[in-house]
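Structural overview for review
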There are 2 protein chains.
Amino acid sequence: MNAPLKAFDEASDLPSLMTELAAGARRAARMLALASTEQKNAALAAMAKAIRASAKEIIAANAEDVTEARANGASAAFIDRLSLNDARVESMAAGIDVVRGIDDPVGVVSETWTRPNGMRIERVRVPLGVVAVIFESRPNVLADAGALCLKSGNAVILRGGSDSFRSCRAIHTCLVQGLREAGLPEASITLVPTRDRAAVGLLLTGLSGGVDVIVPRGGKSLVARVEAEARVPVFAHLEGVNHVYVDRAASLDMAKTIVLNAKMRRPGVCGAAETLLVDKAAAATQLKPLVTMLIDAGCEVRGDADVQRADARVKPATEEDWGTEYEDAIIAAKVVNGVDDAIAHIEKYGSHHTDAIVTEDEKVAEKFLNQVDSAIVLHNASTQFADGGEFGFGAEIGIATGKFHARGPVGVEQLTSFKYRVHGTGQTRP
Amino acid sequence: MNAPLKAFDEASDLPSLMTELAAGARRAARMLALASTEQKNAALAAMAKAIRASAKEIIAANAEDVTEARANGASAAFIDRLSLNDARVESMAAGIDVVRGIDDPVGVVSETWTRPNGMRIERVRVPLGVVAVIFESRPNVLADAGALCLKSGNAVILRGGSDSFRSCRAIHTCLVQGLREAGLPEASITLVPTRDRAAVGLLLTGLSGGVDVIVPRGGKSLVARVEAEARVPVFAHLEGVNHVYVDRAASLDMAKTIVLNAKMRRPGVCGAAETLLVDKAAAATQLKPLVTMLIDAGCEVRGDADVQRADARVKPATEEDWGTEYEDAIIAAKVVNGVDDAIAHIEKYGSHHTDAIVTEDEKVAEKFLNQVDSAIVLHNASTQFADGGEFGFGAEIGIATGKFHARGPVGVEQLTSFKYRVHGTGQTRP
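Just so it is clear, the structure is predicted and the values come from calculations on it, not from any experiment.

What follows concerns the sheet that holds strand E10 (residues 315-316) of chain A. In a beta sheet, neighbouring strands are held together by backbone hydrogen bonds and run either parallel or antiparallel to one another. If you trace the 10 strands from one edge of the open sheet to the other, you get E10(A)-E9(A)-E11(A)-E8(A)-E7(A)-E12(A)-E13(A)-E16(B)-E2(B)-E1(B), paired in mixed fashion. Unpaired on one side and paired on the other, E10 of chain A together with strand E1 (109-114) of chain B mark the two borders of the sheet. Direction of pairing for strand E2 (residues 120-127) of chain B relative to strand E16 (residues 416-427) of chain B: antiparallel, over a ladder of 8 bridges. Its bridge partner lying in E16 of chain B, Glu122 of chain B is registered against Arg421 of chain B. Sheet contacts for helix H12 (residues 280-296) of chain A: strand E7 (242-246), strand E8 (273-279), strand E9 (300-303) and strand E11 (330-336) of chain A; angle to E8 of chain A, the most-contacted strand, approximately 150°.

Turning our attention to the interface of chain B and chain A. Listed as interface residues are 49 residues of chain B and, on the opposing side, 49 residues of chain A. Per element, the largest residue contribution to the side of chain B that touches chain A is 11 residues, and it comes from E16 of chain B. The residue makeup of the side of chain B that touches chain A, split by class, is 20 nonpolar, 20 polar and 9 charged. Across 5 bridges, the pairing between strand E13 (residues 376-381) of chain A and E16 of chain B is parallel.

All names here are of chain A. Every buried residue of helix H15 (residues 362-371) is accounted for by Val364, Ala365, Phe368 and Leu369. Take H15 and look down its axis: the buried residues cluster within an arc of 135°, on one side only. For H15, the exposed residues lying more than 90 degrees away from the buried face are Glu362 and Lys363.

Here we take up the relation of the copies chain B and chain A. Once turned by 180° and shifted 0.0 Å along the axis, chain B lies on chain A with an RMSD of 0.0 Å. What we have between these two chains is a two-fold relation. Taking C-alpha positions as reference, the residue of chain B nearest the rotation axis is His405 of chain B, located at 2.0 Å. Taken together, the interface assignments show that 100% of the residues at the interface of chain B recur at the interface of chain A, consistent with an identical surface on both copies.

Rules used in this analysis
- Residues numbered from 1 in each chain as written.
- Chains lettered and ligands numbered in written order.
- Predicted model: local features only at pLDDT ≥ 70, side-chain atom pairs only at ≥ 80, totals over all residues.
- Pairing = 2+ DSSP bridges.
- Helix = DSSP H or I, 4+ residues; strand = E, 2+ residues; numbered from the N terminus.
- Contact = placed C-beta atoms within 7 Å.
- Axes fitted to C-alpha atoms, helices over the stretch in contact; angles between N-to-C directions.
- Nonpolar A, V, L, I, M, F, W, Y, C, P; charged D, E, K, R; others polar.
- Buried ≥ 20, exposed ≤ 12 C-beta atoms within 10 Å, placed from the backbone.
- Arc of directions from axis to C-beta.
- Least-squares fit on C-alpha atoms with pLDDT ≥ 70 in both.

These results come straight from atomic positions and should not be treated as a statement about function.
Following this line, the structure appears as structure tokens:
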């Protein structure tokens, strides 16, 4: 069904191949920047249709990847991330449908003003250009990222984990079919056609201006490598060491609901809470119920001396726990002396991702929201809302914790830049 | 009057010194992010007052720098950039007054929306953090950059050319006095207190997260070095290879006015036109008047064969001319076959800075504005408007030609990032 892998693996001159791919992506980006919303949506519809129609082929290609990964001794968690079935293929197609429904950000005039000399200036959204997405074993990232980049008018070069190569190739075939049906350049969505790991290093160099931004999608070691080596801008977050601070003026019921959801709804997502901070002034009434609730729900609690006294099952926390992203049913817990102390703790140990306060005191909430220097700060809501879909962005390519360009969920709007269009009537500068 | 330079030049451990400066700037940045507009404006007012009151001391310190630079054989142009007099000192103070008058971007809610579950999300502007500005001989950059960073709530670490060290120290003393009078941390505006050139290299490393963005202000070699070596984001433009395209449907009078202004108003600014493109369909009537006008105004014209035929004084252009930023009274000129050919030329040779079209045809203008991928595109207006002040930003720290975060003039708003503030009533994620 698929071409043998061998041909791809024998790229005799990888740097030339990559430079050529980038040049093709650049040409496609120029055309995509001018493509109409209708044309992009037609491509997205055709892509979803092709994925649904090719579910069998995709799952068969994926089965070959899974067999190989198993033979190589991959872990059960890895195999789960890699594996596709009918439901997951349908979910990929449905994800593309969602992106089709998002408003096109390109060409939107975000501001317009007129100067005293009569010149009218417009600030208008334009695509970034060429996006490189480096991901690991989940093949669905290919469809997500391909769709989001297309909608935002960007060409994308995708490089998946070599273990998912056959799956990616099968999905990519469907995306290209969609592009072709809509009359858009096939190089709009390019899959690096080799498993050679050196391709990643070449992408990170930016290929001499061929790549405008790199988006790593994967575990900490991938993201850390990309951030350390990339010579072009990166949308990435290393960690979500997120806090829930339960203030003296919190409703205990609300605190319990939010803390439980923030930690336990899905302990492995980047918006999951990793540290619980409880106000000393309310510890007598709130600490025990919160800690006991978490432990009863199957969460390991690692606490300071005060927290250990609240429940005999609490394990002692070490200094390291305060900065750890467990991504698991474990939470660090600490008693702090009011909102100022909570803010100081978060600024010292947090990762500027997502932090929440539970309180009925609006003034205290305002202080927390203003002073905690994180991409997302919430008052009386769960940290698990840190998600582009939950923000109403339709979909996201990731969450950025840097302060440059994008911060928080990176949706189609964050995948654009802008230009100034100036309309004059012969103005010259005095 | 000033402390001897020696003490500063003997920094025995420069890396420790720089790390310490960055840590101080970070602490100041945390406080500045929360400072009120009134407090920042009070500091700016006191800074301008101190500069005016210390004009004599500043000019005396500058005279020592100028004497040393002369002794070292500096060029006349260099001495001019370095030199301060009463008018230039007053212009520095006036520049700070302008920044004081700009709206405070920090805390501005740029968007707000409510989710179906009742959560209200606000996108609010926050400072970037710590900005490093690396500049060359013009000491006024210190006052400009210090004021803009303060207004936008950022701490700034300034590193001037070693030739302007005494001047910078005298100006910096005034800025710190203003900060002190307003009760803001002195480390909000830090001058690297050594002439050791290794300090620049250390700033470019980002000092282990101590610096959030680097702004080079100076010639091509400085900007190129910063872009090549910086391990943190950079706001920079390498060149302004700007074009004016005179379309077949242009008014000749308007074309003449705009072309003359775009090239000759100040040939050395980054918004100056470097290439004139004339539509073949109107060359018979427009080429000669435009070329003759330029040459008569003292501009050297380097043209292709068609342009050379228009005026005997035209010199032949080489391939290199199409990509050259002359920053001088020289222009490259070429006949192109309509707007599509003009766009293709600009995309091939331009630097994505500022490009203009002169035409009475709205459709052609729209095509040009949409398809030329430059930070600023103008219709019937001079390229010399590429300036933050002219855009109404009050002042600018530079012009960015990248597509990330800032593009075009970088004013106080471009010196900010944003965060999401989420207001809930106990929402959890299903």
